[in-house]
Amino acid sequence: MTEQELHDWIRLAATPGLGNTGIRRLLARFGLPGAVLSQTAAQLESCITPAQARALLNPSAELQALQATTWSWLASAPAPLVRHVLTLGDAGYPSALLETADPPVLLYITGHARWFEGLSLAWPHKALAMVGSRNPTPQGVQNARAFAQTLVRQGIIVISGMALGIDAAAHAGALEAATGRQPATIAVIGTGIDRVYPRANHALAAQIAEQGWIVSEYHLGTPPLAQNFPKRNRLIAGLASGTLVVEAAPASGSLVTARLASEQGREVFAIPGSIHAPQSKGCHALIRQGAKLVESVEDILEELPALGAAARVPAAEPAPVDTPGAAASNDRHEDERLLQALGFDPVDLDSLCSRTGIDIARLQIQLLELELQGRVARLPGGLFQRLAAG
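The structure presented is a predicted model; accordingly, all values stated were derived computationally and were not measured.

Caption draft 1: Molecular detail of the overall build of the protein. Looking only at helices and strands, one finds 17 helices and 12 strands in the protein. For the protein, the residues scored as buried account for 53% of the 390 residues in total. Across the protein, the fraction of contacts at a sequence separation of at least 24, relative to all contacts at a separation of at least 6, is 71%. In the form shown here, the protein has an accessible surface area of approximately 16800 Å², with 54% of it arising from carbon and sulfur atoms.

This is the structure we're talking about:
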């Protein structure tokens, strides 16, 4: 793509009030952006409103600055990373997105140079989206990492949104299983691709760029605006053959992604959890609505055979969660930290010790205190479970 062609695409995509629908009408009527921009206002008004035509023909100084900034961004990728802007007119534009109702006009992509030789229409078809709560239980984090690891080992790309919680765990699990033979994970973000949000995921973003792709439809410099994240969820769902919801509260963005996946004709999967955990209620609602209940990666591959290999896949084993320990204490903060580590699924003492870093003797004392308070139940087989009242 030449600099002028890029400028034309950005001018079309960044004109205020035009939107993807108006842009597609113009492209269908007049051809590539250069041809669109050569039309008179009267000709443009056969497809868009007079106000939209005036805005398109009179670009602002801010838009012109964006054109220059984007060209510089493309040319200044730090080796070995490569940056691309895919347009609706490119042969490498994801065919899976072309099948959706609102494909973005531009896709900004960054990743390791070795991946871009394979950038083609086929790459979205070996991908599964994984989404979930920003405030997951320890078991939810384990499940996300373990499922992602197993998927990547089967040659399946894991797509998520690089949010805190389940998204970050899914990316991390995929990276841990990366083979170097293909991208392991794709992060579809809700800001400009030159920004990392949340900032806590800065190191994760760098790892994803090395072992996968970071993708955004938003122009450089776009801040983390609340309305952009639900909109980007359609891309997470649209790029994948199916969406797995690991944990979700009843009114979470993960359920938006699941709904969009269903509307796009993609499969929806959900992992069940404790009836006492708020993070499981969204998954249970999806299962009641027809999502497939998933206990292992094999359950997904049975539903989507094109994703998997002929061999049966073993159930994902929980990955250890590194939770920083703290000095033993009887204060309320320490109790709450222990309850958080418990989650809502039964857990044995050794696993709890691993999660918290607290020695077993001290854990037994704290669990006894919480049991007497009616906040923890002692189950047969040496298991403990947090009660809803806790």
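Still more to cover.
Caption draft 2: Region of the structure containing unusual backbone geometry. With omega at 10°, the peptide bond leading from A79 into P80 counts as cis. Structurally, P80 can be placed in the loop between helix 6 (61–75) and strand 1 (81–87). Cis geometry is adopted by the peptide bond preceding P198, which originates at Y197 and carries an omega value of -5°. Note that P198 resides in the loop between strand 5 (185–188) and helix 10 (202–211). Backbone geometry places M162, a non-glycine residue, at a positive phi of 60°. Structurally, M162 is set in the loop between strand 4 (157–160) and helix 9 (166–176). Overall, the relative accessible area of 1% leaves M162 in the buried class.

Caption draft 3: Inspection of helix 8 (residues 138–153) at higher detail. For helix 8, built from 16 residues, the straight-helix expectation of 22 Å at 1.5 Å per residue is met to within 8% by its first-to-last C-alpha distance of 23 Å. Burial analysis of helix 8 places 13 of its 16 residues in the buried class, the great majority of the element.

Caption draft 4: Spatial organisation of the sheet that holds strand 5. Reading across the sheet, the nine strands line up as 1-2-6-5-4-3-7-8-9 and stay open at both edges, with mixed pairing between neighbours. Edge positions in the sheet fall to strand 1 and strand 9 (292–293), since each has one partner strand and no second. In terms of strand pairing, strand 1 meets strand 2 (residues 106–112) through seven bridges, oriented antiparallel. In the sheet register, L81 faces strand 2, and the bridge partner there is H112. Strands strand 3 (127–131), strand 7 (242–245) and strand 8 (267–270) of the sheet are contacted by helix 12 (residues 253–263), whose axis makes an angle of about 155° with strand 7.

Caption draft 5: Inspection of the nonpolar core at higher detail. In this structure, L12, L26, V36, L44, I48, L56 and I214 are the most contacted members of the largest nonpolar core, which totals 36 residues. Put simply, the parts of the chain that give this core at least two residues each are helix 1 (3–14), helix 2 (19–30), helix 3 (33–37), helix 5 (50–57), helix 6, strand 2, helix 9 and helix 10. A total of five residues in this core trace back to one element, the largest contributor, which is helix 1. Residues in contact with L56, not counting those within four places in the same chain, are R11, L12, T15, L18, L26, V36, L37, L44 and I48. The next biggest cluster of nonpolar side chains, apart from the first, holds 32 residues, and it includes V131, V188, A237 and A258.

Caption draft 6: Spatial organisation of the packing of helix 8 against helix 9. Axis separation between helix 8 and helix 9 bottoms out at 7 Å; the angle between their running directions is 35°. In this structure, the crossing between helix 8 and helix 9 has a hand that is right-handed. Judged by residue contacts, G140, V141, A144, R145, A148, Q149 and V152 of helix 8 engage I166, A169, A170, A172, G173, A174 and E176 from helix 9. The residue inventory of the contact of helix 8 with helix 9, partitioned by class, reads nine nonpolar, three polar and two charged.

Caption draft 7: Representation of the packing of helix 9 against helix 10. Where helix 9 contacts helix 10, the axes come no closer than 10 Å and their chain directions differ by 45°. Relative to helix 10, the element helix 9 is oriented oblique. For helix 9 against helix 10, the interelement crossing comes out left-handed. For the pair helix 9 and helix 10, the contacting residues are A168, H171, A172 and L175 in the first and L204, Q207, I208 and Q211 in the second. When grouped by side-chain class, the residues that make up the contact of helix 9 with helix 10 number five nonpolar, three polar and no charged.

Caption draft 8: Quick look at the side chain of T243. Within the element layout of this structure, T243 appears in strand 7. Excluding its chain neighbours within four sequence positions, the residues that come into contact with T243 are L128, A129, V131, A237, T257, A261, E267, V268 and F269.

Caption draft 9: Seen up close, the side chain of S254. Within the secondary structure, S254 sits in helix 12. The residues touching S254, leaving out its near neighbours within four places in the chain, are V131, G132, S133, V245, E247 and A248.

Caption draft 10: Representation of the sheet that holds strand 12 (residues 383–386) in the model. Read from one edge to the other, the open sheet built from three strands follows the order 10-12-11, with strand pairing classed as antiparallel. Pairing within the sheet leaves two strands with one partner each, and these edge strands are strand 10 (347–348) and strand 11 (376–379). Sheet analysis places strand 10 next to strand 12, joined by two bridges and oriented antiparallel. Within the sheet, the bridge partner assigned to V347 lies in strand 12 and is F384.

Reading the values: rules and limits
- Residues numbered from 1 in each chain as written.
- Predicted model: local features only at pLDDT ≥ 70, side-chain atom pairs only at ≥ 80, totals over all residues.
- Heavy atoms only, no water.
- Helix = DSSP H or I, 4+ residues; strand = E, 2+ residues; numbered from the N terminus.
- Buried < 20%, exposed > 50% of the residue type's maximum accessible area, 1.4 Å probe, protein only.
- Contact = heavy atoms within 4.5 Å.
- Areas by Shrake-Rupley, 256 points an atom, 1.4 Å probe, with all protein chains shown as cover.
- Expected span 1.5 Å × (residues − 1).
- Pairing = 2+ DSSP bridges.
- Axes fitted to C-alpha atoms, helices over the stretch in contact; angles between N-to-C directions.
- Core = buried A, V, L, I, M, F, W, Y, C linked by side-chain atoms within 4.5 Å.
- Left-handed = near helix turned anticlockwise from the far one by under 90°.
- Nonpolar A, V, L, I, M, F, W, Y, C, P; charged D, E, K, R; others polar.
- Parallel < 35°, antiparallel > 145°, perpendicular 65-115°, else oblique.

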